[in-house]
Every structure is written in C-alpha cells, then in structure tokens.
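# Survey of secondary and tertiary structure
Each chain is listed here by its residues.
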Amino acid sequence: MCIFCEIVKGEKSCHKIYEDDLTLAFLNIKQTCEGMTVVIPKSHYKNMFDCPPDIYDAVVKTAVKVSKHYKSLGYDGISILSNNGNTPVGTGQSIAHLHFQIFPRDSKKPFVLINQTPNLERDFNAEQKKFAL
Ligand SMILES: [Zn+2]
C-alpha cells in the first residue's frame, strides 16, 4: 500500500487541511514554504492517466477550494504542481498516487519548488490551525 493510502486509512498521521467524500488535503511534511499542501483522491490512482474523470474533477475542485482559502488568508496567490508518470524519476512524481502540490505564494519570500527531506523543525500543528478549512 502506498503512503498516501496509509494516510487515507489513518495508518499514518497527517495534518489535515480539508476532507470530503472523495478527496483529502494535508500539509506536506517535505514542504518548501508555509502551508505547502498535498491534495489527493482517497482512492488509489497512480496518476492522471489511470484516474477516472469524475475523480480527477473532484481533486481539482478541492485544489481550487483550498487555494481560494489560502488566498483569503492574505497570500499573493498560489502555484500548483502535479507530476504524472514514471515514478520516481522522469517526471519527478515521487509517490505513485495522484496528487497536486499547492504552494501558497508570498512575493516577499523566495520560492523553492522541491525539498527532498522532511522539514521537522516546522510547527505543523500551528500551521494546521492556520490553514485548515
Ligand atoms: Zn495510494
């Protein structure tokens, strides 16, 4: 079972931001900026190529909902990344479970796309309180 499916089943913890019947959003433990968030379908699909359109639409809908919420918190905007295929090399898709990364953007801070190691010094509980929907 993949790590995102373990999170959906509650076998691994996460700092949840939002959840509905089909999707889950949580803070990325390898985040490169405050509020960097992963949005996934609750069911396992490797990427957009094997995901049914209605499930993919639900993931997009949640990404938009979370992004609008972050904009309302005062961020200048957001960036979204979704790598699809050839896990773990090639496209850069690190986990073979469809996901979007949402980066709240603050124009006063430098932007870093990828961080390969967990960012353990961050206070994820405080961030969860700030960002949760
Ligand atoms: Zn999975």
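Refer to the structure above for everything that follows.
Residues numbered from 1 in each chain as written. Predicted model: local features only at pLDDT ≥ 70, side-chain atom pairs only at ≥ 80, totals over all residues.

## A few points about the sheet that holds strand S3 (residues 37–41)
Across a sheet, paired strands are connected by hydrogen bonds in the backbone, their directions being either parallel or antiparallel. Taking strand neighbours across the sheet as the criterion, the five strands line up as S1-S2-S3-S5-S4 in an open arrangement whose pairing is antiparallel. The open sheet has two edge strands, strand S1 (16–19) and strand S4 (77–81), and neither has a second partner. Neighbour-to-neighbour, the strand axes of this sheet turn through a mean angle of 20°, independent of strand direction. Here S3 runs beside strand S5 (residues 100–105); their pairing, made up of three bridges, is antiparallel. Across the sheet, residue Val-38 finds its bridge partner in S5, namely Gln-101. Across the face of the sheet, helix H2 (residues 53–72) comes into contact with S1, strand S2 (23–27), S3, S4 and S5 while running at roughly 155° to S3. (Pairing = 2+ DSSP bridges. Helix = DSSP H or I, 4+ residues; strand = E, 2+ residues; numbered from the N terminus. Axes fitted to C-alpha atoms, helices over the stretch in contact; angles between N-to-C directions. Contact = placed C-beta atoms within 7 Å.)

## Points about the environment of Lys-130
Tracing the chain through its elements places Lys-130 in helix H3 (residues 124–131). Judged by the 13 C-beta atoms lying within 10 Å of it, Lys-130 is partly exposed. Expressed as a C-alpha distance, the spacing of Lys-130 and Leu-22, which sit 108 residues apart in the sequence, is 23 Å. (Buried ≥ 20, exposed ≤ 12 C-beta atoms within 10 Å, placed from the backbone.)

## Some details on the pairing of S1
In this structure, S1 lies alongside S2, joined through three bridges in antiparallel fashion. Bridging across to S2, Tyr-18 finds its partner in Ala-25. From the end of S1 to the start of S2, which pair antiparallel, there are three residues.

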